[in-house]
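The residues making up each chain are set out below.
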Amino acid sequence: EKDGYVSVQLGYDEAKEKNTTQPLKGHFAKANTTPKRKLVEFEQFEESLNLGDAVTVNIFNEGDFVDVVGTSKGKGFQGVVKRHGFGGVGGQTHGQHNRLRAIFLL
């Protein structure tokens with residue numbers, strides 16, 4: 001509410017205090033909670049919450065839809081085998097170019 005809009009900050013997963021910066025330690029101390037690893041802000045949160053309240057899955061009803069966004073692992077510039085699963089042409093083996101003239105194939 002200080003910055004001209006209404007939002008809710010949710011923290012997830014406990015973090016070690018030694019890995020938390022001083023400003024964030026003060027932020028969590030004001031909310032009377034331990035430091036969290038991930039801190040996310042949501043605008044237009046439907047429920048009214050007080051500082052330090054816990055949010056559980058009970059806010060959802062059965063059949064509700066949830067939008068989830070994820071970031072995939074970066075693998076850099078890849079070749080066709082890893083990128084598209086290409087396996088080469090035909091059933092060729094390593095260096096046997098006269099394989100089709102073999103007697104056992106007749």
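Everything below is about the structure shown above.
Just so we're clear, the structure is a prediction, and the values are computed from it rather than from any experiment.

Draft legend 1. Inspection of unusual backbone geometry at higher detail. Not every positive phi belongs to a glycine, and Asp 13 is a case in point at roughly 70 degrees. Structurally, Asp 13 can be placed in strand S1 (residues 7–14). Here Asp 13 falls in the partly exposed class, since its relative accessible area comes to 38%. At Asn 32, a position not held by glycine, the phi torsion is positive, near 55 degrees. With respect to the secondary-structure elements, Asn 32 resides in the loop between helix H1 (22–30) and strand S2 (36–43). We classify Asn 32 as exposed; its relative accessible area is 72%.

The rules behind these values
- Residues numbered from 1 in each chain as written.
- Predicted model: local features only at pLDDT ≥ 70, side-chain atom pairs only at ≥ 80, totals over all residues.
- Heavy atoms only, no water.
- Helix = DSSP H or I, 4+ residues; strand = E, 2+ residues; numbered from the N terminus.
- Buried < 20%, exposed > 50% of the residue type's maximum accessible area, 1.4 Å probe, protein only.

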